[in-house]
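Tertiary structure, described
Chain by chain, the residues run as shown.
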Amino acid sequence: MNDTFLKACRGEKTDYTPVWFMRQAGRYLPEYRAVRGKTTFLELCKSPELCTEVTLQPINLFGFDAAILFSDILIPMEAMNLKLEFHEGRGPVFPDPVRTQKAVDELIVPDPDATMPFVMETIKLLLKELKVPLIGFSGAPFTLATYLLEGGSSKFFYETKRMMFESPVLYHELLQKITDCTSLYLQAQARAGAQALQIFDSWAGVLAPGDYARFALPYVQSIIKDLRQVTDVPIIYFANNGSTLIPNTVTAGADVLGLDWRINIKDAIDKVGNHAVQGNLDPMALFLPQEALEKRVKQLLDDASQAKGHIFNLGHGILPQTSPDKARIVVDAVHRFSGK
């Protein structure tokens, strides 16, 4: 087992900087598109054999130092008694948004092993194949709540912020149910064998720092506190567009803070204290010519040299339009410049 990624998560000395990409198993890969072309996205997420296949694709192609379970953050929301659809060009849709007391009351906190056994089976299948650590994951409660409240993706988060400010008690009830579900879900992934866990707060950056501290952070802290009681796997917390939230996110309890590209990683390291960091190359940088891209990688590694631990990653998911060759160039450059 190549445990360089796990060592970096724990802030231990590594021989080189480990690297993986968010959405590394995805539409930029012809191999993924070939699998996806034969099934719907939701069916793919619920097929352990196909999830195993696509999770392994970028590991076998590029030599990433960690694999991330192929799934979607909204899978456990469907298990909470909600109808979930994925529409081409529109993304996830909840036809019946959760905006009333009755809708919140009808949500259940599911047993993840009973309602999402395909996720745990995928983890077990992957552990038989992988020689690098496997990362399990979930969405953060605030981010998950936005999809339930808005009925899908949003630019303005009108329904989310309206409930936060007009009906904070109802908002808390909703967030608490999502938190309970997410906590159990991540615990189940750890039991199944996931060797690290990442919590994605994709929409945290739409909140003012004070609102984040009140309406999002406590639920993440609760999940991590629960996890600490049952597992010692490293925990990564990624608050997208969260540069202004670092004074808050450092209190979440995670081992590693994921960083988007909107802050220089050297500046972020000065703020995070005794935390390892993950990130934070702009995904669009993969459209640079090879020489310029390698120079950007080298600069980022230099800027991160004083981190307690550094995991090289993108500042968000790799874009579908990216050439797979650029992924290979970055992985090779990270390994070469950092001493592998």
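Throughout what follows, the structure given in this document is the object of discussion. (Residues numbered from 1 in each chain as written. Predicted model: local features only at pLDDT ≥ 70, side-chain atom pairs only at ≥ 80, totals over all residues. Heavy atoms only, no water.)

Turning next to the sheet that holds strand 7 (residues 256–258). Judged by pairing direction, the sheet is parallel, and its seven strands sit side by side in the order 1-4-5-6-7-8-9 without closing on themselves. On the outer flanks of this sheet lie strand 1 (67–68) and strand 9 (310–314), each paired with one strand and no other. Bridge count between strand 4 (residues 134–139) and strand 5 (residues 196–201): five bridges; the pairing is parallel. Across the sheet, the residue bridging to glycine 139 is phenylalanine 200, located in strand 5. (Pairing = 2+ DSSP bridges. Helix = DSSP H or I, 4+ residues; strand = E, 2+ residues; numbered from the N terminus.)

Once that is clear, we can look at helix 11 (residues 168–192). Taking 1.5 Å of rise per residue, the 25 residues of helix 11 would be expected to cover 36 Å, and the 36 Å separating its terminal C-alpha atoms lies within 8% of that figure. Directly beyond the C-terminal end of helix 11, a positive phi value near 125° is found at glycine 193. (Expected span 1.5 Å × (residues − 1).)

Before going further, it helps to spend a moment on the layout of surface pockets. In this model, the largest pocket occupies a volume close to 1,400 Å³. Of all the elements in the fold, those that place two or more residues in the lining of the largest pocket are helix 2 (30–36), strand 2 (85–87) and strand 3 (91–93). At three residues, helix 2 tops the list of elements feeding residues into the lining of the largest pocket. Split by residue class, the lining of the largest pocket holds 22 nonpolar, eleven polar and eight charged. By volume, the second largest pocket is sized at about 260 Å³. Contributing to the lining of the second largest pocket are 15 residues, with Thr14, Thr17, Ala304, Ser305 and His310 lying nearest its centre. At the level of secondary structure, the elements contributing two or more residues to the lining of the second largest pocket comprise helix 16 (290–303) and helix 17 (324–338). When its residues are assigned to classes, the lining of the second largest pocket shows five nonpolar, six polar and four charged. (1 Å grid on protein atoms, 1.4 Å probe; cavity = no way out; pocket = protein on both sides within 12 Å on 5 of 7 lines; lining within 4 Å. Points joined across faces, edges and corners; volume = space filled by probe spheres on them. Nonpolar A, V, L, I, M, F, W, Y, C, P; charged D, E, K, R; others polar.)

Let's shift gears to the pattern of salt bridges. Tallied over the full model, the rule gives 13 salt bridges. Measuring nitrogen to oxygen at the nearest pair gives 3.8 Å for the salt bridge that ties glutamate 159 to arginine 99. Pair noted here: glutamate 159 is in helix 10 (residues 158–166) and arginine 99 is in the loop between strand 3 and helix 6 (101–106), with a separation of 60 residues, a long-range link. (Salt bridge = Lys/Arg side-chain N within 4 Å of Asp/Glu carboxyl O.)

Right, let's talk about the packing of aromatic side chains for a bit. All told, the structure shown has eleven aromatic pairs when counted by the stated rule. On the basis of an interplanar angle of 50° and a centroid distance of 5.6 Å, the ring pair of tyrosine 32 and phenylalanine 70 is categorised as tilted. Of this pair, tyrosine 32 sits in helix 2 while phenylalanine 70 sits in the loop between strand 1 and helix 5 (75–79); the two residues are 38 residues apart in sequence, bridging distant segments of the chain. You can call tyrosine 32 buried: its relative accessible area is 4%. Note on phenylalanine 157 and tryptophan 203: the rings are 5.3 Å apart at their centroids and 55° apart in plane angle, and the pair reads as tilted. Separated by 46 residues along the polypeptide, phenylalanine 157 in the loop between helix 9 (141–150) and helix 10 and tryptophan 203 in the loop between strand 5 and helix 12 (209–215) bring together distant segments of the chain. Since its relative accessible area comes to 3%, phenylalanine 157 is described here as buried. Residue classification places tryptophan 203 among the partly exposed positions, given a relative accessible area of 26%. Of the aromatic side chains, those joined through ring pairs into one cluster are Phe21, Tyr28, Phe62 and Phe64. In this structure, arginine 262 is placed above the aromatic ring of tryptophan 261, and the distance from its NZ or CZ to the ring centre is 4.1 Å. The ring of phenylalanine 337 has arginine 336 sitting right over it, with the charged end atom 4.8 Å from the ring centre. (Phe/Tyr/Trp six-rings, centres within 6.5 Å; stacked < 30°, edge-to-face > 60°. Buried < 20%, exposed > 50% of the residue type's maximum accessible area, 1.4 Å probe, protein only. Lys NZ or Arg CZ within 6 Å of the ring centre and 35° of its normal.)

With that out of the way, let us pick up the nonpolar core. The biggest cluster of nonpolar side chains holds 127 residues, and the ones touching the most others in it are Phe5, Leu174 and Tyr237. Counting residues per element, this core draws most heavily on helix 11, at eleven residues. In this view, leucine 174 contacts Val98, Val104, Leu107, Ala145, Leu148, Leu149 and Met163; residues no more than four positions away in its chain are not counted. (Core = buried A, V, L, I, M, F, W, Y, C linked by side-chain atoms within 4.5 Å. Contact = heavy atoms within 4.5 Å.)

This part is about the pairing of strand 8 (residues 276–281). Counted residue by residue, strand 8 has six buried out of six residues, so it is predominantly covered. Both strand 7 and strand 8 contribute to a ladder of three bridges, which runs parallel. Residue leucine 257 lies in a different strand from strand 8, and its bridge partner there is valine 277. Between the parallel pair strand 7 and strand 8, the chain is carried across by helix 15 (residues 265–272), and the sense of this crossover is right-handed. Here strand 8 pairs with strand 9 via five bridges, running parallel. The residue bridging valine 277 from the neighbouring strand is histidine 310, located in strand 9. Tracing the backbone out of strand 8, into helix 16 and back to the parallel element strand 9 gives a crossover that is right-handed. (Right-handed = clockwise from strand over helix to strand, strands pointing away.)

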